[in-house]
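# Structural characterization, general
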Amino acid sequence: LYVQSRYAIGGPIDARMAVQEEFLSELEPAVFVPSQMMLVLQELETEKRPDEVARLVQQYRSLEAQFAATREKRLKTLPDGEARRLLDRDLNDAAGQMFGQIQGRYLPLVEAAARKEAADQAAVSAALREVMNRFRALKGVAERILTLTRDQVAADREQAADSVRFWGTTNLLVSLLAVA
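Treat the numbers as computed from the prediction; the structure is a model and nothing was measured. (Residues numbered from 1 in each chain as written. Predicted model: local features only at pLDDT ≥ 70, side-chain atom pairs only at ≥ 80, totals over all residues. Heavy atoms only, no water.)

### Let's talk about helix H4 (residues 50-77)
How we decide: Under the DSSP-based scheme used, a helix requires at least four consecutive residues in state H or I and a strand at least two consecutive residues in state E, with every element numbered from the N terminus. How far a helix is expected to stretch is found by multiplying one less than its residue total by 1.5 Å. Exposure classes here rest on a 1.4 Å probe applied to the protein chains alone. A residue is buried below 20% of its type maximum, exposed above 50%, and partly exposed in between.
Under the 1.5 Å per step criterion, the end-to-end length of H4 is 41 Å for 28 residues, consistent within 8% with the ideal 40 Å. Those residues of H4 that sit buried are Glu-52, Val-53, Leu-56, Val-57, Tyr-60, Leu-63, Glu-64, Phe-67, Thr-70, Arg-71, Arg-74 and Leu-75.

### Some remarks on a nonpolar patch on the surface
In plain terms, the rule: Distance thresholds for patches are 9 Å for like charges and 5 Å for nonpolar side chains (Val, Leu, Ile, Met, Phe, Trp, Tyr), applied to residues having over 30% relative accessible area and no salt bridge. Note on areas: Shrake-Rupley with a 1.4 Å probe; residue coverage comes only from the protein chains shown. Any carboxyl oxygen of Asp or Glu that lies within 4 Å of a side-chain nitrogen of Lys or Arg is treated as forming a salt bridge with it.
On the surface, Leu-172, Leu-173 and Leu-176 cluster together to form a nonpolar patch covering roughly 300 Å² of accessible area. With respect to the helices and strands, the residue Leu-176 is situated in helix H6 (residues 121-179).

### Focus: the packing of helix H3 (residues 35-46) against H4
Filter applied, for reference: The axes used here are C-alpha line fits, helices contributing only the stretch in contact, and every angle between their N-to-C directions lies in the interval 0 to 180 degrees. Relative orientations are named as follows: roughly parallel for angles under 35 degrees, roughly antiparallel for angles over 145 degrees, roughly perpendicular for angles from 65 to 115 degrees, and oblique for any other angle. Helix crossings get a hand from a simple test, with the near helix turned counterclockwise from the far one by less than a right angle marking a left-handed crossing and a clockwise turn marking a right-handed one. Between two residues, a contact is recorded if the distance between any of their heavy atoms is within 4.5 Å. Note on residue categories: nonpolar means Ala, Val, Leu, Ile, Met, Phe, Trp, Tyr, Cys or Pro, charged means Asp, Glu, Lys or Arg, and polar means any other residue, Gly included.
As a packed pair, H3 and H4 sit with axes 10 Å apart at the nearest point and diverge in direction by 160°. It follows from the interaxial angle that H3 and H4 lie roughly antiparallel. Pair H3 / H4 crosses with left-handed handedness. Counted together, Gln-36, Met-37, Val-40, Leu-41, Glu-43 and Leu-44 of H3 and Val-53, Arg-55, Leu-56, Val-57, Gln-59, Tyr-60, Leu-63 and Glu-64 of H4 form the full contact between these two elements. Of the residues assigned to the contact of H3 with H4, the class counts are nine nonpolar, two polar and three charged.

### Details of the confidence of the model for the protein
The condition is simple: pLDDT is defined as a per-residue confidence score from the predictor, taking values between 0 and 100.
On average, residues of the protein score 87 in pLDDT, and 93% of them reach the 70 mark or higher. Element-level mean pLDDT values for the protein span from 66 in helix H1 (residues 2-7) up to 94 in helix H5 (residues 82-114).

### A closer look at H6
Operational definition: As used in this structure description, the phrase polar contact means that two N or O atoms lie within 3.5 Å; if the pair is within protein, one of them must be able to donate a hydrogen and the other to accept it, and residues adjacent in sequence are counted only when both atoms belong to side chains.
Compared with the 87 Å implied by 1.5 Å per residue over 59 residues, the 85 Å span of H6 between its first and last C-alpha is a close match. Capping the start of H6, Asp-120 holds a side-chain oxygen 3.1 Å from the backbone nitrogen of Ala-122, two or three residues further along.

### Looking at the packing of H4 against H5
At a minimum axis separation of 12 Å, H4 and H5 run at an interaxial angle of 170°. One way to sum up the angle between H4 and H5 is to call them roughly antiparallel.

### Quick word on the pattern of salt bridges
By the definition in use, this model includes 14 salt bridges. One salt bridge connects Arg-55 with Glu-52, and the closest N-O pair in it is separated by 2.5 Å. Linking Arg-55 with Glu-52, this pair stays in helix H4, spanning three residues, or about one helical turn. Overall, Glu-52 belongs to the buried group, its relative accessible area being 17%. Of the charged contacts in the structure, one is a salt bridge between Arg-115 and Glu-117, with a shortest N-O distance of 2.8 Å.

### So, the packing of aromatic side chains
Stated formally: Two aromatic rings, drawn from Phe, Tyr or Trp (for Trp, its six-membered ring), form a pair once their centres lie within 6.5 Å of each other, and the interplanar angle then sorts them: stacked below 30 degrees, edge-to-face above 60, tilted otherwise.
A full pass over the atoms with the stated rule returns two aromatic pairs. A centroid spacing of 5.3 Å and a plane angle of 85° characterise the contact between Phe-67 and Phe-99, whose relative ring orientation is edge-to-face. Within this pair, whereas Phe-67 is found in helix H4, its partner Phe-99 is found in helix H5, the two being separated by 32 residues in sequence. The burial state of Phe-67 is the same as that of Phe-99; both residues are buried.

In structure tokens, the structure reads:
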């Protein structure tokens with residue numbers, strides 16, 4: 001019964017692995033590697049129609065909110081360990097730098113251009129390049145977390161399989177001894 005309750009589907013080992021695998025799915029295709037957000041920001045670089053700029057800015061803000069909500073959810077559900085620490089500290093720092101650059105420099109330039117205010121296209125492009133540099137740093141942290149989590153899931157699976165074999169053999173031996 002111990003083996004069944006501990007290692008069966010729905011047991012604590014399975015539940016822990018499910019949380020980590022769900023976490024992996026958020027890294028690939030990726031909430032934590034916000035490629036879609038970067039596409040929106042690239043569209044904004046040359047967009048001048050105010051209604052389209054407003055729509056794209058709203059889409060960006062929605063993606064940023066999704067990033068933050070997913071991060072908070074994962075911090076509540078991930079087990080303690082290196083992946084959780086990287087998510088809490090390194091990924092959060094990289095994201096904060098990227099979002100700060102977007103909100104503090106890039107979006108004001110894009111929105112000024114949409115209002116037909118004087119905006120230097122070279123400054124908009126330079127701001128986007130800086131955002132891209134921050135994005136690459138964020139992506140690097142996410143890739144480290146991905147590798148670490150994949151390795152942990154593989155180790156957990158191996159440990160579960162070893163434990164099932166051990167307890168299965170132990171149950172068999174106890175049964176044989178009881179019959180003899």
